[in-house]
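Spelled out from the first residue to the last, the chains are:
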Amino acid sequence: MNNKNKTQINWSRESVVYQIYPWSFKDSDGDGIGDLQGIIDKLDYLNDGTEKSLGIGAIWLSPIYTSPMVDFGYDISDYLDVDPVFGDIKIFDRLVKEAHKRDIKIIMDFVANHTSNKHPWFEESLSSRTNPKRDWYIWKDPKPDGSPPNNWLSVFGGSAWTLDRKTNQYYLHSFLPEQPDLNWRNIEVKTAMEKVLEFWIHKGVDGFRSDATYHLIKDDQFRDNPPKPNYQGPKDSYDGLIHTYSQRRPETLDVINSFCSILGLHKDKYIVSEAYLDIPEMAKLYKACTNSLHAPFNFNLISLPWNAKLVKNHIDDFEASLSKNDWPNYVLGNHDRPRVTTRIGEKRARLLAMLLFTLRGMPFVYYGDEIGMENGEIPPDKQKDLVGNRLAANRDGERTPMQWDDSAHAGFSIVEPWLSVDKKYKDVNVKKELNDPMSMLYLYRKLIHYRTHNHALLHGSYRSLDLGDNHVFAYLRELGDEKVLIMLNFSKDEESVSFPYQKANVICTTNGGRVGKIIDISTITLSPYQGYVVEVIN
Ligand code: GLC
Ligand code: MG
């Protein structure tokens, strides 16, 4: 691709995004916690411009802002500064510069639904009923019997309301009580948060990941959420209600559009929203912005059952739901969900990696998934995720330190890290996998580099093929004369499939075989969980 073309295409259309959980990527100062300098030190691993590196085009940083860290940075007490545990704003500036030097864009986490209860805004709001910032948060009187204003529940368990005894009102928190929800119906809040976007844009960041987006706006009448019919689970469980009034309000789309308007004032920006949605709901969010700078995350590959037909149907339906300028994306894991290799095992994770990098759209990689890291087992007395104390779903397992090599603490830190390293690190680490053609890292690198240089994969169309086989998902990515065919065998058994083509050049296979060979694809036998990427010759 020549440079002229390149400047016309928003980077989000060509980049693989790599999510860094800053606590756990690389500790540079020996305090056992990852930091910004650590990230700078590892940028060459992510992309040094050669095929030796991973080849990613953007990093998304989970929050690095000043925070009491009750939810590990998702509780912000100063949106305009870096928490000392990670470094300072000067090091951040250096990170942006060093990343851009390597053609790596920076995506910041934008946590707009709530602040920390230690944010000066909330401290003011809490101080009295008449404080000018009272209405920056959501305060309601108790019911006559003293109980919370309605039945809304916190995602992290218990009521979504906490009583402030001094002023005798409840404040709303969709997550922990230490994360009070901002009142997005208040114009001053909106203006203050738009300034946050502007601040980081002026620091040189290229995009944002909007946290908990569908929680931003609540019903203006605060009506009770209806119970889920026939729900059998425990009383007061979050799953027992339909959250009609506490989230997914139609006015959220206006807020997203206001983010897009800010982004649209600057060159080449992008925003992706966190919301776990089905296809019709994603389609709605795509329509929120007219300037195509926004997409909702597509998390469905995390939850779909292991079934080739269902995955094919999902991709087909998702593609069909998109308008011309909508840009799809796919996610296999993040800091809130068990790691992909732990969920489905290594062989299947390889197949999903091939799917991820060959579909149309933006692939998201969660740090460590590229080496096949698994969830670490954290003994109860060493758990850090507070949510785990309230719910069954502790998230420490997917947040363990990156495994760089087989030295002490996996090369993450020179001291005992804040969260234990997974015990498999001697076998699963970057250093070991870099030169092993059978490793997960090798497969990731191969797929990412091929994708980055292949026009059909970057910008070509997507068309699935009907093979009359329930276990193999195959599709074409086409642009002009280029025809890339991907075949993925979801079965634990061998499968033979036929294509209306003769010869193809093998680019990549999930198990490393036959690369560079011309093969006959009129009928081809795929081994268990095997995937192929081939260029069709005729
Ligand atoms: C999002 C984040 C999660 C956090 C929550 C509250 O879901 O991904 O980690 O706990 O928001 O901010
Ligand atoms: Mg450190």
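Described in the following lines is the structure provided in the data block. (Residues numbered from 1 in each chain as written. Chains lettered and ligands numbered in written order. Predicted model: local features only at pLDDT ≥ 70, side-chain atom pairs only at ≥ 80, totals over all residues. Heavy atoms only, no water.)

1. Topic: the packing of aromatic side chains
Here is step 1: Across all of its chains, the model carries 39 aromatic pairs by this definition.
Here is step 2: Ring geometry for Phe473 versus Tyr475: centroids 4.9 Å apart, planes at 45 degrees, classification tilted.
Here is step 3: You can call Phe473 buried: its relative accessible area is 0%.
Here is step 4: Members of the aromatic cluster, each reached through a chain of ring pairs, are Tyr65, Tyr79, Phe92, Trp121, Trp136, Phe199 and Trp200.
Here is step 5: Against the face of Trp139 rests Arg134, its NZ or CZ located 3.6 Å from the ring centre.
Here is step 6: Of note, Arg339 hangs over the ring of Tyr367, and the distance from its end group to the ring centre comes to 4.7 Å. (Phe/Tyr/Trp six-rings, centres within 6.5 Å; stacked < 30°, edge-to-face > 60°. Buried < 20%, exposed > 50% of the residue type's maximum accessible area, 1.4 Å probe, protein only. Lys NZ or Arg CZ within 6 Å of the ring centre and 35° of its normal.)

2. A look at the site of ligand 1
Here is step 1: In the vicinity of ligand 1, 13 residues are found, and the nearest of them are Asp71, Asp211, Glu274, His335 and Asp336.
Here is step 2: At 2.5 Å from an oxygen atom of ligand 1 is found a side-chain nitrogen or oxygen belonging to Asp71.
Here is step 3: Side-chain polar atom of Arg395 to an oxygen atom of ligand 1: 2.9 Å apart, as the coordinates give it.
Here is step 4: Taking 310 Å² as the accessible area of ligand 1 by itself, protein coverage stands at 95%.
Here is step 5: Judged by its atoms lying within 2 Å of the grid points, ligand 1 is housed in the largest pocket.
Here is step 6: In terms of residue class, the shell around ligand 1 is built from three nonpolar, three polar and seven charged. (Near = heavy atom within 4 Å. Polar contact = N/O pair within 3.5 Å; in protein donor to acceptor, adjacent residues only side chain to side chain. Areas by Shrake-Rupley, 256 points an atom, 1.4 Å probe, with all protein chains shown as cover. 1 Å grid on protein atoms, 1.4 Å probe; cavity = no way out; pocket = protein on both sides within 12 Å on 5 of 7 lines; lining within 4 Å. Sits in = over half its atoms within 2 Å of the grid points. Nonpolar A, V, L, I, M, F, W, Y, C, P; charged D, E, K, R; others polar.)

3. Some points on the coordination of the magnesium ion (ligand 2)
Here is step 1: All of the protein donors around the magnesium ion (ligand 2) are Asp27 (OD), Asp29 (OD), Asp31 (OD), Ile33 (O) and Asp35 (OD); their distances to the metal are 2.2 to 2.3 Å.
Here is step 2: If you list the donors of the magnesium ion (ligand 2) from N- to C-terminus, the spacing comes out as D-x1-D-x1-D-x1-I-x1-D. Judged on exposure class, the residue Asp27 and its partner Asp35 are both buried. (Donors = N, O, S within 2.8 Å, 3.2 Å for Na, K, Ca; no water.)

4. Brief notes about the layout of surface pockets
Here is step 1: Within this model, the largest pocket holds a volume of roughly 1,000 Å³.
Here is step 2: Residue classes in the lining of the largest pocket are distributed as 16 nonpolar, eight polar and 12 charged. (Points joined across faces, edges and corners; volume = space filled by probe spheres on them.)

5. Comments concerning the sheet that holds strand S13 (residues 362-366)
Here is step 1: One open sheet accounts for eight strands, arranged S11-S10-S9-S5-S2-S1-S13-S12; its pairing is parallel. Of all strands in the sheet, those with a lone pairing partner are strand S11 (294-296) and strand S12 (329-331), marking the two edges. Sheet twist, expressed as the mean angle between neighbouring strand axes with direction ignored, is 25 degrees.
Here is step 2: Across four bridges, the pairing between strand S9 (residues 207-210) and strand S10 (residues 270-273) is parallel. Bridge pairing in S10 places Phe208 opposite Ile271.
Here is step 3: Lying over the sheet, helix H8 (residues 279-286) contacts S11 and S12, oriented at roughly 165 degrees with respect to S11.
Here is step 4: Strand contacts of helix H12 (residues 346-358): S12 and S13, with the helix running at about 140 degrees to S13, the strand carrying the most contacts. (Pairing = 2+ DSSP bridges. Helix = DSSP H or I, 4+ residues; strand = E, 2+ residues; numbered from the N terminus. Axes fitted to C-alpha atoms, helices over the stretch in contact; angles between N-to-C directions. Contact = heavy atoms within 4.5 Å.)

Purely spatial values, then, with no claim about function.
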